[in-house]
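# Summary of the model geometry
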Amino acid sequence: MKILVTGGAGYIGSHTCVELLNKNYQVIILDNFSNSKKEVLDKIRFLTGKDMKLYEGNMLDKKFLMNIFQENEIDCVIDFAAYKAVGESVKKPVEYYTNNVSSVLNLLDVMQKSNCKSLVFSSSATVYGDPKTVPITEEAEIGGTTNPYGTSKLFVEQILKDLYQSDNEWNICILRYFNPVGAHPSGLIGEDPKGIPANLVPYISKVASGKLESLSIFGNDYDTKDGTGIRDYIHVVDLALGHIKAVEKLCKVKKGLHIYNLGIGIGYSVLDLVKTFESVNCVKINYKISPRRAGDIAICYSDPTKAKKELGFEPSKTLEDMLKDAWNYEKNS
Ligand code: UD1
């Protein structure tokens, strides 16, 4: 079975390609390397002992996209290709909507014309905005996003719903990720943000390695057990395996629009992360308490029941595994 993985050289994309190749899927990667490095491909080959096809280019180029579908009989697409820096999206909304929404419209048009109607789409828990209750089920209200990145995910979800409404032959799986962290246990692939990391775990890793001086904890006055923000962190390898389950589901059901939360269903605070990182890795994390970050919410964690029941998806890695692997990758890179 041939799977086109857009953004396959990126953080979640590369881990998913490893798991797809391990399961003997044929993988075609489309990437423009705007936020990833070509060396990742050699690492994927090394980890799996298998090869994949590469198309380097931009999804905004429809001819290029069409060419990929003409040259390959693609059974299913996993679409990871998107910008994902929340702060940057506020400064560059046009770039974000173009890259995250227009590119998907191109992809859907080309898929439709090529009669390939199976798609797994990377969405985010950010579509829930500030949830009224936790744990969050897939039925919870969506909307109230606070930045163009989040809104771009919301828009694409709506586009996919409208598309399915218009043509029930489509077979779509929307995956709403909670907080993907960690790295491949080999330490060869992981998250490599450009510049100063905006997300918690990459930032902690850089403080541990001495590349950054100290972590700013954004607020300790939230209504949570220790006052710091609570999130549902999921190991990136578990998340990658969730995509395999989604592809298997699409193969089985043939048509439909399905939405799943991918999280572990446990909320950990920022201080839980700092303490666990210190204890599993025997390092010291300097931190200070800073004001809340604009747009942050107090608590966000998933109800993972639906993915478990319908996809058979059960993440197995603990917070300790996530933070051990994050540190291993940091030391390696
Ligand atoms: C963020 C995005 C979300 C995106 C996700 C991708 C925002 C508002 N949301 O989620 O849309 O899908 O990344 O992984 O940016 N924290 C600190 N100090 C730091 C960094 C973070 O205290 O230097 C805290 C935050 O306040 C939060 C927690 O750590 O409570 C997690 O933050 P982060 O890793 O940035 O993820 P989210 O904000 O949950």
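The structure displayed is predicted, hence computed values, not measured ones.

## Some thoughts on the pattern of salt bridges
- Scanning the model with the defined rule gives 21 salt bridges in all.
- Residues Lys92 and Glu88 are paired through a salt bridge, measuring 3.9 Å at the closest nitrogen-oxygen approach.
- Given the relative accessible area of 37%, Lys92 is considered partly exposed.
- We note a salt bridge from Arg176 to Glu157, for which the minimum N-O separation is 2.7 Å. Of this pair, Arg176 sits in strand S6 (residues 171-177) while Glu157 sits in helix H6 (residues 148-166); the two residues are 19 residues apart in sequence, bridging distant segments of the chain. Of the two residues, Arg176 and Glu157, both sit in the buried class.
- Residues participating in the shared-partner salt-bridge network are Asp42, Arg45 and Asp51.

## Notes on the nonpolar core
- In this structure, Ile44, Val120, Leu215 and Ile285 are the most contacted members of the largest nonpolar core, which totals 61 residues.
- Setting aside anything within four residues of it in sequence, one finds Val120 in contact with Cys76, Val77, Ile78, Asp79, Cys173, Leu175, His243, Ala246, Val247 and Leu250.
- Core analysis: the second largest hydrophobic core is formed by 27 residues, Leu30, Ile74, Val110 and Val156 among them.

## Focus: H6
- Look at H6: 26 Å from first C-alpha to last across 19 residues, which is about the 27 Å you get at 1.5 Å a residue.
- For H6, the full list of buried residues reads Pro148, Tyr149, Gly150, Thr151, Ser152, Lys153, Leu154, Val156, Glu157, Leu160 and Leu163.
- In this fold, the buried residues of H6 make contact with helix H4 (86-91), helix H5 (93-113), strand S5 (118-124), S6 and strand S11 (256-262).

## Quick look at the sheet that holds S11
- Taken together, the seven strands give an open sheet; going across it, the order is S3-S2-S1-S4-S5-S6-S11, and neighbouring strands pair in parallel fashion. For this open sheet the edge positions go to strand S3 (53-56) and S11, each flanked by a neighbour on one side alone. Between one strand axis and the next, the sheet turns through 20° on average, direction left out of account.
- The sheet contact formed by strand S1 (residues 2-6) and strand S2 (residues 26-31) spans five bridges and is parallel. Within S2, the position partnered with Thr6 by the bridge is Leu30.
- Each of S1, S2, S3 and strand S4 (76-79) touches helix H3 (residues 62-71); the most contacted strand, S3, lies at about 160° to it.
- Sheet strands touched by helix H8 (residues 236-253): S1, S4, S5, S6 and S11. Its angle to S6, the strand with the most contacts, is close to 160°.

## Considering the site of the ligand
- Surrounding the ligand, one finds 18 residues, the nearest of these being Leu200, Ser216, Arg231, Arg293 and Asp296.
- Phe218 has a polar backbone atom sitting 2.9 Å from an oxygen atom of the ligand.
- Here an oxygen atom of the ligand sits 2.8 Å away from a polar atom, N or O, in the side chain of Arg293.
- Burial of the ligand by the protein amounts to 88% of the accessible area it has alone, namely 730 Å².
- When residues of the shell around the ligand are assigned to their parent elements, the largest contribution, four residues, is made by strand S8 (residues 215-218).
- Class assignment for the residues of the shell around the ligand results in nine nonpolar, six polar and three charged.

## Some remarks on the packing of aromatic side chains
- The tally for this structure, following the rule as stated, stands at five aromatic pairs.
- Its end group placed over the ring of Tyr222, Arg292 keeps NZ or CZ at 4.0 Å from the ring centre.

Reading the values: the criteria
Residues numbered from 1 in each chain as written. Predicted model: local features only at pLDDT ≥ 70, side-chain atom pairs only at ≥ 80, totals over all residues. Heavy atoms only, no water. Salt bridge = Lys/Arg side-chain N within 4 Å of Asp/Glu carboxyl O. Buried < 20%, exposed > 50% of the residue type's maximum accessible area, 1.4 Å probe, protein only. Helix = DSSP H or I, 4+ residues; strand = E, 2+ residues; numbered from the N terminus. Core = buried A, V, L, I, M, F, W, Y, C linked by side-chain atoms within 4.5 Å. Contact = heavy atoms within 4.5 Å. Expected span 1.5 Å × (residues − 1). Pairing = 2+ DSSP bridges. Axes fitted to C-alpha atoms, helices over the stretch in contact; angles between N-to-C directions. Near = heavy atom within 4 Å. Polar contact = N/O pair within 3.5 Å; in protein donor to acceptor, adjacent residues only side chain to side chain. Areas by Shrake-Rupley, 256 points an atom, 1.4 Å probe, with all protein chains shown as cover. Nonpolar A, V, L, I, M, F, W, Y, C, P; charged D, E, K, R; others polar. Phe/Tyr/Trp six-rings, centres within 6.5 Å; stacked < 30°, edge-to-face > 60°. Lys NZ or Arg CZ within 6 Å of the ring centre and 35° of its normal.

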